[in-house]
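One letter stands for each residue in the lines below.
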Amino acid sequence: MGLLAGLLLARPLAAQQAETVPDFSLKDETGKVYTLSAWADSQVVVVIFTSSNCSWATKYGTRLNALHEKYGPKGVAFVAINSNDPSISQLETAARMGEVLSLRFPYLKDETQQVAKQFKATKNPEVVVLIPRNKQFEVAYRGKIDDNPLDENAIKANYLQNTLENLLAGKKPDTPSTPPSGCNIRWIGTVSGQ
């Protein structure tokens, strides 16, 4: 009886400890406003922190568009967020960030960098996979898209794709997190963005 009571008590505690992220309201390059809560009816939401100035990030454009085409019809929403200080490059400004990284889903500018901080993002690219549940967004995976940003043909571990397959099948991700790799997010007011 003691073990059963312990398990019953542990289950609600574990549910309470699920990491969640707050809603946001950001604009794309045309000024259109998007909120995270607008995707509350999706099966899964993929948030990609990225850059139009980092070669590691820009090499993912084709791969991300392919994932969007494959999983979008299955109820997976994709959104990219550029949180870099726009003073480092004109390509990081809201008006020009889509010139290099042509994504087929919303690409939003985090002008104040508040969303990156709330999501604990540090790199470009860095992905945070969310499960909408009870008007909240629970973090299911955070980290790398795959294990080879520079050479698509040499990928051995497809972290994001595997996570999506598992979540859509009702399973937990095999790997709930990986250390992100890429360019540091360039924070406003820091020397060289460090």
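Sequence order sets the numbering: in each chain, residues are counted from 1 along the sequence as written. With the structure being a predicted model, the display of local features is reserved for residues of pLDDT at least 70 and the display and counting of side-chain atom pairs for 80 or more, all residues being used for whole-chain, interface and lining totals. The side-chain values count all of the structure's non-hydrogen atoms but skip hydrogen atoms and water molecules.

Engineer: Break down helix 3 (residues 61-71) for me, citing the residues and quoting the values.
Structural biologist: Exposed residues in this analysis have more than 50% of their type's maximum accessible area, buried residues have under 20%, and partly exposed residues fall in between, with area computed by a 1.4 Å probe over protein chains only. Helix and strand assignments follow DSSP, with helices taken as H or I runs no shorter than four residues and strands as E runs no shorter than two, numbered in order from the N terminus. Buried within helix 3 we find Gly-61, Arg-63, Leu-64, Asn-65, Leu-67 and Tyr-71. Taken together, the buried residues of helix 3 touch strand 4 (44-50), helix 2 (55-58), strand 5 (76-82) and helix 5 (159-168). We call two residues in contact whenever any of their non-hydrogen atoms come within 4.5 Å of each other.

Engineer: A description of the pairing of strand 8 (residues 126-133) should follow, citing residues and the corresponding values.
Structural biologist: With seven of eight residues buried, strand 8 lies mostly within the body of the structure. Strand pairing is defined by DSSP finding a minimum of two bridges between the two strands. The sheet contact formed by strand 4 and strand 8 spans five bridges and is antiparallel. When the bridges of strand 8 are listed, Val-47 appears paired with Val-128. Pairing between strand 8 and strand 9 (residues 136-143): seven bridges, direction antiparallel. Paired with Leu-130 across the strands is Val-139, a residue of strand 9. Connecting strand 8 to the antiparallel partner strand 9 that follows it, the hairpin turn spans two residues, and Asn-134 within it adopts a positive phi of roughly 55°.

Engineer: How would you sum up the sheet that holds strand 4? Please name residues and give values.
Structural biologist: In space, the eight strands of this open sheet follow the order 1-9-8-4-5-6-2-3, with mixed pairing throughout. At either end of the open sheet lies a strand with only one pairing partner, and these are strand 1 (20-21) and strand 3 (33-35). Of the pairings in the sheet, the one linking strand 2 (residues 25-28) to strand 3 comprises three bridges and is antiparallel in character. Directly across from Ser-25, in strand 3, lies its bridge partner Thr-35. Interaxial angle, 0 to 180 degrees, is taken between N-to-C directions of lines fitted to C-alpha atoms, where a helix line uses only the stretch in contact. Relative to strand 8, helix 5 is tilted by about 10°, and along the sheet it contacts strand 4, strand 5, strand 8 and strand 9.

Engineer: How would you summarise the environment of Ala-94 if you had to cite specific residues and measurements?
Structural biologist: Here Ala-94 lies in the loop between strand 5 and strand 6 (107-109). Sequence-wise, Ala-94 and Asp-110 are 16 residues apart; in three dimensions their C-alpha atoms are separated by 8.8 Å. When neighbours within four sequence positions are excluded, Ala-94 is seen to be in contact with Glu-29, Lys-109 and Glu-111.

Engineer: Outline unusual backbone geometry, listing residues and values.
Structural biologist: Here the amide bond leading from Asn-124 into Pro-125 is cis, since omega sits at 0°, within 30 degrees of zero. Here Pro-125 shows up in the loop between strand 7 (123-124) and strand 8. Although it is not a glycine, Lys-120 sits at a positive phi angle of roughly 60°. Tracing the backbone through its elements, the reader meets Lys-120 in the loop between helix 4 (114-119) and strand 7. One non-glycine residue with positive phi stands out, namely Lys-135, at about 65°. Following the sequence through the fold, Lys-135 ends up in the loop between strand 8 and strand 9.

Engineer: Explain the state of the cysteines to me, and be specific about the residues and the numbers.
Structural biologist: Cysteine sulfur atoms that come within 2.5 Å of each other are treated as a disulfide pair. Summed over the entire model, instances satisfying the criterion amount to one disulfide. Cys-54 shares a disulfide with Cys-183; S-S distance 2.0 Å. Residues Cys-54 and Cys-183 are joined through a disulfide that is right-handed, its torsion about the S-S bond being 80°. With Cys-54 in the loop between strand 4 and helix 2 and Cys-183 in strand 10 (residues 183-184), this residue pair connects regions lying 129 residues apart in the sequence. Under the relative-accessibility criterion, Cys-54 is labelled buried at 3%. For Cys-183, a relative accessible area of 27% corresponds to the partly exposed category.

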